[in-house]
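Observations on the three-dimensional arrangement
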Amino acid sequence: METKNKTAQNTGWMQIGAYGMGNFACQLSFTMVNMYLAYFYTDVFGLSAAAVATLLLIAKIWDGVNDPMMGAFMDKTYAKAGGYRTYMIGGAVALVVFTILTFSVPGFGDQAKLVYAYVTYIGLGMAYTVMNVPFNALPSKMTDNPKRLNQLFASSMWAGGLGSTVLGMCTMPLILFLGKGVQEAGYQKTAIVYAVISLPLVLAMVHICKENPDLARAKELAAKENSGTSFSGFLKSVFTNKNLLCVYSYMFCAMFSQIGRASTAFFYYMFCVGNPAWASVLMSLSGVVGLVLIPFIPALIGRYGKKKVVVVSQVIQMIGLIMMFAGPYTNIPYTIAANLIYGLGSGYSACVGSMIVDALDHYEYKKGVRNDGVAFAFNGLMTKISAAVAGSAGLMVMAAFGYTNGAELTEQALCGINIGVNIVPLAAAALAIVPLLIFDLSEEKMKDIRTALKERREEMLNQQQ
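Note that the structure is a prediction, hence the values are computed from the model and not measured. (Residues numbered from 1 in each chain as written. Predicted model: local features only at pLDDT ≥ 70, side-chain atom pairs only at ≥ 80, totals over all residues. Heavy atoms only, no water.)

Turning our eyes to something else, we now look at the overall build of the protein chain. Of regular secondary structure, the protein chain possesses 20 helices and 0 strands. Taking 465 residues into account, the globule formula puts the C-alpha radius of gyration at 23 Å, and the protein chain, at 22 Å, falls close to it. Each principal axis of the C-alpha distribution contributes one length, and for the protein chain these read about 70 × 45 × 40 Å. A burial count over the protein chain gives 58% of its 465 residues as buried. Of the contacts made within the protein chain by residues no fewer than 6 positions apart, 84% connect residues no fewer than 24 positions apart. In the form shown here, the protein chain has an accessible surface area of approximately 17900 Å², with 67% of it arising from carbon and sulfur atoms. One finds the centroid of the 33 positive side-chain charges in the protein chain at a distance of 3 Å from the centroid of its 25 negative side-chain charges. (Helix = DSSP H or I, 4+ residues; strand = E, 2+ residues; numbered from the N terminus. Rg over C-alpha atoms; globule rule 2.2 N^0.38 Å. Buried < 20%, exposed > 50% of the residue type's maximum accessible area, 1.4 Å probe, protein only. Contact = heavy atoms within 4.5 Å. Areas by Shrake-Rupley, 256 points an atom, 1.4 Å probe, with all protein chains shown as cover. Lys, Arg positive; Asp, Glu negative; His and termini not counted. Charge placed at Lys NZ, Arg CZ, Asp CG, Glu CD.)

Structural data, given as structure tokens:
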């Protein structure tokens, strides 16, 4: 039985495009949360900055328990459920509901509103887990062709960047238009609009992107070898995989930098730059650069390798952050240039999924064990925790320097916003380079490993017949 031939039939340009469309749909919730939730909670919902910081942190602690358990559950019930796509459908429906609820302001008292925020935001995180963990792991069950894998992940990142850019440019104008001067109504109606758009896109993606049955079966058999399907076995397969831990460490720092900045950037453009009319445009510029850059990433990977592409991306992002902090940030042309340079560092995002697959393939080659769902669940966990900690850190820095919603901003408070939005992410971006220096899976090494794995999988499938 030839896994390669069947894989070629199941994964073409239609699947690559459809997979990207799925991430575009996810961004309609994820990006709105990252860009506007902190501001929504403080200045619209009515919570203090400290309360919001605590909420974000506690919610992500729960994710620390929930995400790995969900990944293990998906791996264990993969065949019975009918594949990852079954989970994606349920997660997409729940994500729509909780996104709308999260951006709604109930007519409760202050304490009850805080409880409502906890319930809806934690529910939103769980729905995103059910949708996003199998979505990120899906390419590993669609194909074992490294070129196709790079194209699938690049398509996902490009479409995700498009979603982020569209939301960055359209969300605030849409909130103002639909709310007609009432922010509470504007946020809720905008969330409803995005929900109506996202669900059909996810369902279409699920219909088009199908797992390769032979490849999925071979990897399912590998997952049961040695470690079995116990939760402790799943954890062992993650925490004894050095290269996978390097990717997680990198993702924690990189997401701390990028998403942490995105969650507080609105404060910077509103108050430091001091030009609300340009806020949405400036928040979207780096995403526009990413849209231009990401389609070229598979070719850059082929020429230089994933590790070099990611390291250079981090250095470029650091240069952009230094420029934005140093200013003159009230000079719009200068701020545009700084954002464009920052956007040139977004190329790493198309490499991470393939680096995880490399680490999983290498571990399967050495140990005969594989657990894709758990591996991608932990990666999603790193993203969520780092985003929450970063958002909390940025808000805490702002609060420490005297920022209070509705109060007149002092020079000290403006300095705190600048530090929280730019310097904290800069430090995280620098730390992200460290685990990359330890990651030791080159493109040449992985080529030999995948050839050996293909032969082993075909033999394993033949024995099952």
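Alright, that's what it looks like, and here's the rest.
Let us now look at the pattern of salt bridges. Counted according to the given criterion, the structure contains 7 salt bridges. For the salt bridge of Glu211 with Arg85, the shortest nitrogen-to-oxygen distance reads 3.3 Å. On the criterion of sequence distance, the pair formed by Glu211 in the loop between helix 8 (183-208) and helix 9 (213-224) and Arg85 in helix 5 (residues 84-102) is long-range, its members being 126 residues apart. Judged by its relative accessible area of 12%, Glu211 falls in the buried class. Residues Lys454 and Asp144 are paired through a salt bridge, measuring 2.9 Å at the closest nitrogen-oxygen approach. Of the two residues, Lys454 sits in helix 20 (residues 443-464) while Asp144 sits in the loop between helix 6 (110-142) and helix 7 (146-179), which places them 310 residues apart along the sequence. (Salt bridge = Lys/Arg side-chain N within 4 Å of Asp/Glu carboxyl O.)

Once that is clear, we can look at a positive patch on the surface. There is a patch of like positive charges on the surface, built from Lys236, Lys366, Lys367 and Lys445. Structurally, Lys366 can be placed in helix 16 (residues 352-367). (Patch = residues over 30% accessible without salt bridge, like charges linked within 9 Å, V, L, I, M, F, W, Y side chains within 5 Å.)

Even without being glycine, Lys180 reaches a positive phi, approximately 50°. Along the chain, Lys180 falls in the loop between helix 7 and helix 8. Classification of Lys180 as exposed rests on a relative accessible area of 67%.

Scanning all chains against the criterion turns up 0 disulfides. With no disulfide of its own, Cys170 lies closest to Cys26 among cysteine sulfurs, the gap being 19 Å. On the accessibility criterion, Cys170 (38% relative accessible area) is partly exposed. Just so you know, Cys209 is unpaired, no disulfide at all, and the nearest cysteine sulfur is the one on Cys26, 12 Å from it. (Disulfide = S-S within 2.5 Å.)

Our next topic: the packing of helix 11 (residues 242-272) against helix 12 (residues 276-293). The contact between helix 11 and helix 12 brings their axes to 8 Å, and the two run at 145°. When you trace helix 11 past helix 12, the crossing you get is right-handed. In this structure, helix 11 contributes Phe266, Tyr269 and Met270 to the contact, and helix 12 contributes Pro276, Ala279, Leu282 and Met283. Its residues assigned to classes, the contact of helix 11 with helix 12 shows 7 nonpolar, no polar and no charged. (Axes fitted to C-alpha atoms, helices over the stretch in contact; angles between N-to-C directions. Left-handed = near helix turned anticlockwise from the far one by under 90°. Nonpolar A, V, L, I, M, F, W, Y, C, P; charged D, E, K, R; others polar.)

Right, let's get into the confidence of the model for the protein chain. Averaged over the protein chain, the pLDDT score is 83; the fraction of residues at 70 or greater is 92%. When mean pLDDT is taken per element in the protein chain, helix 19 (residues 433-438) scores highest with 94 and helix 1 (residues 3-10) scores lowest with 46. Residue range residues 1-9 is modelled with pLDDT below 50. Its contacts to residues more than four positions away, or to other chains, number 17 contacts. (pLDDT = per-residue confidence, 0-100.)

So, on to the environment of Asn371. Within the fold, Asn371 resides in the loop between helix 16 and helix 17 (372-400). Linking Asn371 and Ala72, residues 299 residues apart in sequence, is a C-alpha distance of 8.1 Å.

On to the side chain of Asn150, then. Note that Asn150 resides in helix 7. With relative accessibility at 10%, the residue Asn150 sits in the buried group. Ignoring any residue separated from it by four or fewer positions in sequence, one finds Asn150 in contact with Pro298, Ile301 and Ser354.

Below, the discussion takes up the nonpolar core. Counting residues in hydrophobic clusters, the biggest one holds 124 residues, and the most contacted among them are Tyr41, Tyr121, Tyr187, Tyr250 and Tyr269. Apart from the residues within four sequence positions on either side, Tyr121 is in contact with Val33, Leu37, Tyr41, Leu55, Leu56, Ala59, Lys60 and Thr102. (Core = buried A, V, L, I, M, F, W, Y, C linked by side-chain atoms within 4.5 Å.)

So, about the packing of aromatic side chains. In total, this model carries 21 aromatic pairs according to the counting rule given. With centroids separated by 4.9 Å and ring planes inclined at 70°, the aromatic side chains of Tyr39 and Phe266 adopt a geometry described as edge-to-face. Residue Tyr39 is found in helix 2 (residues 13-45), and its partner Phe266 is found in helix 11; the two are separated by 227 residues along the sequence. Judged by its relative accessible area of 11%, Tyr39 is buried. Residues Phe45 and Tyr116 carry aromatic rings whose centres are separated by 6.4 Å and whose planes lie at 15° to one another, so their mutual orientation is stacked. Taken together, the residues Phe45 in helix 2 and Tyr116 in helix 6 connect sequence positions 71 residues apart. As far as burial versus exposure is concerned, Phe45 and Tyr116 are alike and both buried. One aromatic cluster is present, formed by Phe40, Tyr41, Phe45, Phe103, Phe108, Tyr116 and Tyr187 through successive ring pairs. In this structure, Lys180 packs its charged tip against the face of Phe177, placed 5.0 Å from the ring centre. Note that Arg261 overlies the ring of Tyr342, its terminal NZ or CZ placed 5.5 Å from the centroid. (Phe/Tyr/Trp six-rings, centres within 6.5 Å; stacked < 30°, edge-to-face > 60°. Lys NZ or Arg CZ within 6 Å of the ring centre and 35° of its normal.)

Here helix 14 (residues 306-326) is 21 residues long and its end C-alpha atoms lie 31 Å apart, about the 30 Å a rise of 1.5 Å per residue gives. Those residues of helix 14 not exposed but buried are Lys306, Val309, Val310, Ser313, Gln314, Gln317, Gly320, Leu321, Met323 and Met324. (Expected span 1.5 Å × (residues − 1).)

Attention now moves to a nonpolar patch on the surface. A surface patch of nonpolar side chains, about 360 Å² in accessible area, is lined by Ile89, Val93, Val97, Leu101 and Leu203. Here the nonpolar patch takes 4 residues from helix 5, the largest share from any one element. The class for Val93 is partly exposed, based on a relative accessible area of 41%.

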